[in-house]
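Coordinate analysis (summary)
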Amino acid sequence: MAWRDLSLLTRFTVYTLLWLPVCFAAWYFLSILSILPLSSLMDVIMTNVYPQLIGGVRSNGNELLVQTFMAIPNPQVPGGPDVAAVFKVNPLPYGYGIPMYTALVLASPIHVREKAWRWAVGLWILGLVQTFGVATNIIKILAFQMGEGARERLGFSPLAYEGVAIAYQIGYLILPAVSPILIWVWQFRGFVSTLTESPSSRSKAPWLRKGA
């Protein structure tokens, strides 16, 4: 059977699977660059929302370092003056939707210029998704892992703690996996409707007139 005789869905699936490892590799190796704007954004957000707790957020390779105003014993100088508590946050688990979405866009048979602007819009939305996930992780650590002093400064109600836990689960488990697919389906809904068509009707699909 010739490649052109395969169903559009089969061809699209193969293209997507071929693009996935390339996109994931590029995303991982370039993530150290994407951390820089993310760290600046998180620094502005977290130091303004929780000025009584967070002194700053900065990049450290592929991770974020969150400096707090919570004092802890100096682990390097026993008996010495206390130091500010610092913890790490890995933003990559909240951003893996970016290479997934990129692979779907690259596998879609439309003109490269249309792909470019749609991809830019999707990338911006997924950046918000990653920001939300990282922010909820930081708040979760402050609320549940930094001790009673942090909880007193937060001043959360029992309902607020429940909201933090739910928001963290949404930002960690649901949005990174679901968002890239939903964005792609919304942007390429015309193409999606043709995926189940027979090979004989492919030539009538406007999505394929610029080349598959």
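Cut-off values and rules
Residues numbered from 1 in each chain as written. Predicted model: local features only at pLDDT ≥ 70, side-chain atom pairs only at ≥ 80, totals over all residues. Heavy atoms only, no water. Core = buried A, V, L, I, M, F, W, Y, C linked by side-chain atoms within 4.5 Å. Buried < 20%, exposed > 50% of the residue type's maximum accessible area, 1.4 Å probe, protein only. Helix = DSSP H or I, 4+ residues; strand = E, 2+ residues; numbered from the N terminus. Contact = heavy atoms within 4.5 Å. Patch = residues over 30% accessible without salt bridge, like charges linked within 9 Å, V, L, I, M, F, W, Y side chains within 5 Å. Areas by Shrake-Rupley, 256 points an atom, 1.4 Å probe, with all protein chains shown as cover. Salt bridge = Lys/Arg side-chain N within 4 Å of Asp/Glu carboxyl O.

Within the largest apolar cluster, 27 residues are counted, with the highest numbers of intra-cluster contacts made by M42, M46, I54 and I138. Elements with a contribution of two residues or more to this core: α1 (8-49), β1 (54-60), β2 (63-72), β3 (83-89), α3 (112-144), α4 (148-154) and α5 (158-187). No other element matches α3, which puts seven residues into this core. Those residues within four positions of M42 in sequence are excluded, and the remaining contacts are T47, V57, L64, T131, V134, A135 and I138. Among the nonpolar cores identified, the runner-up in size contains 16 residues, and A107, L126, I183 and L195 belong to it.

Next up on the list: the environment of R58. Position of R58 among the secondary structure elements: in strand β1. A relative accessible area of 52% means that R58 is categorised as exposed.

We now examine a nonpolar patch on the surface. On the surface, F132, I166, I170, Y172, L173, I174, V178 and L182 cluster together into a nonpolar patch covering about 690 Å² of accessible area. Of the residues forming the nonpolar patch, the biggest block, seven residues, is contributed by α5. Residue position: I174 is located in helix α5. Exposure remark for I174: the relative accessible area of 44% places this residue in the partly exposed category.

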